[in-house]
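# Residue-level structure breakdown
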Amino acid sequence: MAKVVYNIAAVFSSILNLLVFGWLDYFSIFKTYFDTFDIVGKIGAVILFALLIAVPVLIVLICVHRWRVNHQLKHDDTSNKALYREIGRLNKQVLDLMNEKNKVLALKVNAMGGTERIPYMGASALVDDTLPTVGNVVGGAAAGAAAAGEGAPVAGVAADGVLTGSASLALAGEGVADAAAAMAKATVEAKALAEEREIAQANRFPKLSLVDLKYRDFVPPTYDNEISLVDFVEGYRAFACSEMQLYYTPEIVRRYVAGMAASKLLILEGISGTGKTSLPYSFSRYLDNPATIVSAQPSYRDRTEVMGYFNEFSKRFNETEFLRAMYEAGLRPDPSTIVLDEMNLARVEYYFAEILSVLEMPSHDEWVLDLVPTAWAGDPKGLHDGKITVPDSLWFVGTANNDDSTFTITDKVYDRAIPIELNERADAFECPPHARVHVTAEHLQYLFQKAKVEHVVSEEVLEKMHKMDQYLQTRFRLAFGNRIIKQMYDFIPVYVACGGTELGGIDYIIARKVLKKFESMNVSFVRDEMTGLIEYIKKTFGEGGLPDSVSYLQRIQNMY
């Protein structure tokens, strides 16, 4: 037996010596006799020499790999232990939070009538805790008082940092009143907290439902329904100057307010830094109803980007800030604003198409957008059959830059909107402090209608506009269109009521709504005809009658 073992060991020793150290002897033999081999022998000798070198290298690599694997396993084991400890800590926090929640619910039940033993199944069932009673939920002193029937239980409760404080029971005098007030406050706060949690967990429109909760006890301020449009405009300029250090010319503010009368969509254009976003934001602050600013993204393709969509997997509606602001506007009587910042980073006619179409409906009852196919129990009260109504008190304001990173706003959008150019910064001025104003959207609409009665567009001006419309149709195949005519009737009276002139309002509408269509034409073919149009305008409306329109045409000629 010993001989067999010796022979086996000798064989392994020989193989090891051959594979590990034999290549040195082989190299000496290889060097001595290599030149005597034929071509086949030389190839075989090279292959054998390579194998003798590869074997020890392979053994070394295997050993190194095994060492690295073992070292990594030890490191992973250490990391897993730390992970298990973290999981245990988080589980403990979950149990603590469940206990806090159950204590709040127990307090709520106790406040609504109470019971000597309030059973619940929560974290206590996992840690073998005792079921809570009135005493261990609201405090020993209160429990004793409840048992004796000598007073009302008072609690100091902490729940997610919302309910804090303490109250003690007194049997007579002011102590009883203080205890009752503290208990009532704690009950209201606990109820609000429970409702918010229930909404967040169980409602498919959690944001909109929280808006309902916010406005459930909304008390509107005292509204100033005596203010005139002139005072309204001047008040805003004074407020923007004194409170926000923003300066706008009376002309810009007139156009903005008159634009609100003519359309629900305003587009502010111009170079960067002229206050395009600040204008609607400061205006909304003046009305004490700050605007919601939505930054348009280049990825916007359809209505779901601004309105959100229903997630079939989670059974919840992915609500956007745009949708929340639109819904909230329907619960407020004062004017609301949504600002689409950099709106032409994507194609407006794609993602805003449905809203543009809805706003064209003649009746406000038709300003309805579908969100979900059917209504569910628990949906926000402002939704009807899964639909939301665009509030009449809501205005959309878009800001737009014209550069290589943006898309051209099409005529479809321009025709439905009132564009306002801001290409110059207004000079700073001083004024006394001016407070915010509170005015309802209904009163603002009343002021717009009143202006249309008091400042009717004159027949003389209408006749000149009719002649100019015929001139444009004949020479350039351009027309005012019914939509532009309607906007003109809405815009000009309000513009005049805000302190402007009739001719100034007409000039602005013609330049920004009619002549702007030249930008979509091949101007090089009609460049000479524009000179005739300029002369016609001066002849019809007088020298200097329509300065904006003449200046715009001259600028277009110089560009081409």
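Heads up: these notes are all about the structure in this document. (Residues numbered from 1 in each chain as written. Predicted model: local features only at pLDDT ≥ 70, side-chain atom pairs only at ≥ 80, totals over all residues. Heavy atoms only, no water.)

## Examining the packing of helix 17 (residues 459–476) against helix 20 (residues 523–541)
Where helix 17 contacts helix 20, the two axes come as close as 11 Å, and the packing angle between them is 170°. On the basis of the axis angle, helix 17 is roughly antiparallel to helix 20. In this structure, helix 17 crosses over helix 20, and the sense of that crossing is right-handed. Residues K464, M465, K467, M468, Y471, L472, R475 and F476 of helix 17 touch helix 20, and the partners they reach there are V526, E529, M530, G532, L533, Y536, I537, T540 and F541. Residues that form the contact of helix 17 with helix 20 fall into these classes: 11 nonpolar, 2 polar and 4 charged. (Axes fitted to C-alpha atoms, helices over the stretch in contact; angles between N-to-C directions. Helix = DSSP H or I, 4+ residues; strand = E, 2+ residues; numbered from the N terminus. Parallel < 35°, antiparallel > 145°, perpendicular 65-115°, else oblique. Left-handed = near helix turned anticlockwise from the far one by under 90°. Contact = heavy atoms within 4.5 Å. Nonpolar A, V, L, I, M, F, W, Y, C, P; charged D, E, K, R; others polar.)

## Regarding the pairing of strand 8 (residues 394–400)
Remark: a regular strand shows side chains that alternate across the two faces of the sheet. The buried fraction of strand 8 is high, at 7 of 7 residues. Side chains of strand 8 alternate between two faces, with L394, F396, G398 and A400 and W395, V397 and T399 buried alike. Where strand 1 (residues 265–269) and strand 8 come together, 5 bridges link them in parallel fashion. When the bridges of strand 8 are listed, I267 appears paired with G398. (Buried < 20%, exposed > 50% of the residue type's maximum accessible area, 1.4 Å probe, protein only. Pairing = 2+ DSSP bridges.)

## A closer look at the sheet that holds strand 5 (residues 336–341)
Backbone hydrogen bonds hold the strands of a sheet together, and the pairing may be parallel or antiparallel. With respect to topology, 5 strands assemble into an open sheet ordered 2-5-8-1-9, the strand pairing being parallel. The sheet terminates laterally at strand 2 (292–295) and strand 9 (418–421), the two strands that pair on one side only. Across the sheet, the mean angle from the axis of one strand to that of its neighbour is 20°, orientation sign disregarded.

## Focus: the pattern of salt bridges
Taken as a whole and assessed by the stated rule, the structure comprises 29 salt bridges. A salt bridge links R216 to D217; the shortest N-O distance between them is 3.8 Å. Exposure remark for D217: the relative accessible area of 62% places this residue in the exposed category. Connected through salt bridges with shared partners, the residues K207, K214, E321, R324 and E328 form a single ionic network. (Salt bridge = Lys/Arg side-chain N within 4 Å of Asp/Glu carboxyl O.)

## Side note on a nonpolar patch on the surface
Together, I39, V40, I43, I47, L48 and L51 line one region of the surface with nonpolar side chains, adding up to about 600 Å² of accessible area. Within the secondary structure, I39 sits in helix 2 (residues 39–111). (Patch = residues over 30% accessible without salt bridge, like charges linked within 9 Å, V, L, I, M, F, W, Y side chains within 5 Å. Areas by Shrake-Rupley, 256 points an atom, 1.4 Å probe, with all protein chains shown as cover.)

## With respect to helix 10 (residues 278–286)
Those residues of helix 10 that sit buried are L279, P280, S282, F283, S284 and Y286. D288, located one to two residues past helix 10, shows a positive phi value of around 60°.

## Quick word on the side chain of D379
With respect to the secondary-structure elements, D379 resides in the loop between strand 6 (368–370) and strand 7 (387–389). Look at D379 and you get buried, because its relative accessible area is 17%. In terms of polar contacts, D379 uses its side chain to reach the side chain of R204, at 2.8 Å. Excluding residues that lie within four positions of it along the chain, D379 makes contacts with R204, F205 and T374. (Polar contact = N/O pair within 3.5 Å; in protein donor to acceptor, adjacent residues only side chain to side chain.)

## Side note on the packing of aromatic side chains
Per the counting criterion, the structure on display carries 21 aromatic pairs. A ring pair is formed by Y256 and F283, whose centres lie 5.0 Å apart and whose planes are at 55°; its orientation type is tilted. Residue Y256 is found in helix 9 (residues 250–262), and its partner F283 is found in helix 10; the two are separated by 27 residues along the sequence. No difference in accessibility class separates Y256 from F283, as the two residues are buried. A ring pair is formed by F310 and W376, whose centres lie 5.8 Å apart and whose planes are at 85°; its orientation type is edge-to-face. Separated by 66 residues along the polypeptide, F310 in strand 3 (residues 309–311) and W376 in the loop between strand 6 and strand 7 bring together distant segments of the chain. Of the residues examined, F310 reaches a relative accessible area of 18% and is grouped as buried. Among the aromatic side chains, those forming a connected cluster through ring pairs are F232, Y236, F239, Y248, Y256, F283 and Y286. When the ring centre of W376 is taken as origin, the NZ or CZ atom of R204, which lies over that ring, is 4.0 Å away. (Phe/Tyr/Trp six-rings, centres within 6.5 Å; stacked < 30°, edge-to-face > 60°. Lys NZ or Arg CZ within 6 Å of the ring centre and 35° of its normal.)

## Some thoughts on the pairing of strand 1
In terms of burial, strand 1 is a largely internal element, 5 of the 5 residues being buried. The side-chain alternation of strand 1 yields two buried faces, one formed by L265, I267 and E269 and the other by L266 and L268. Relative to strand 9, strand 1 is paired through 4 bridges, and the arrangement is parallel. Of the residues in strand 9, the one forming a bridge with E269 is E421.

## Looking at the environment of A325
Along the chain, the position of A325 falls in helix 12 (residues 321–329). Among the residues examined, A325 registers a relative accessible area of 8% and is labelled buried.

## Points about the packing of helix 8 (residues 229–244) against helix 10
Helix-helix packing is characterised by the crossing angle of the two axes and by the distance between the axes. Across the interface, helix 8 lies against helix 10 with an axial gap of 10 Å and an inter-helix angle of 105°. Overall, the two elements helix 8 and helix 10 adopt an arrangement that is roughly perpendicular. Facing helix 8, whose interface residues are D231, F232, G235, Y236, F239 and M244, helix 10 presents L279, Y281, S282, F283, R285 and Y286. When the residues that make up the contact of helix 8 with helix 10 are grouped by side-chain class, the tally is 8 nonpolar, 2 polar and 2 charged.

## A closer look at the nonpolar core
Ranked by size, the top nonpolar core spans 71 residues in total, and within it F232 and V257 carry the most contacts. In contact with V257, not counting residues within four places along its chain, are L229, F232, V233, F283, F448, V494 and C498. (Core = buried A, V, L, I, M, F, W, Y, C linked by side-chain atoms within 4.5 Å.)

## A short note on the side chain of N401
Assignment of secondary structure puts N401 in the loop between strand 8 and helix 15 (411–416). Non-local contacts of N401, meaning those with residues more than four positions away in its chain, are made with G270, I271, S272, K276, E342, N344 and T406.

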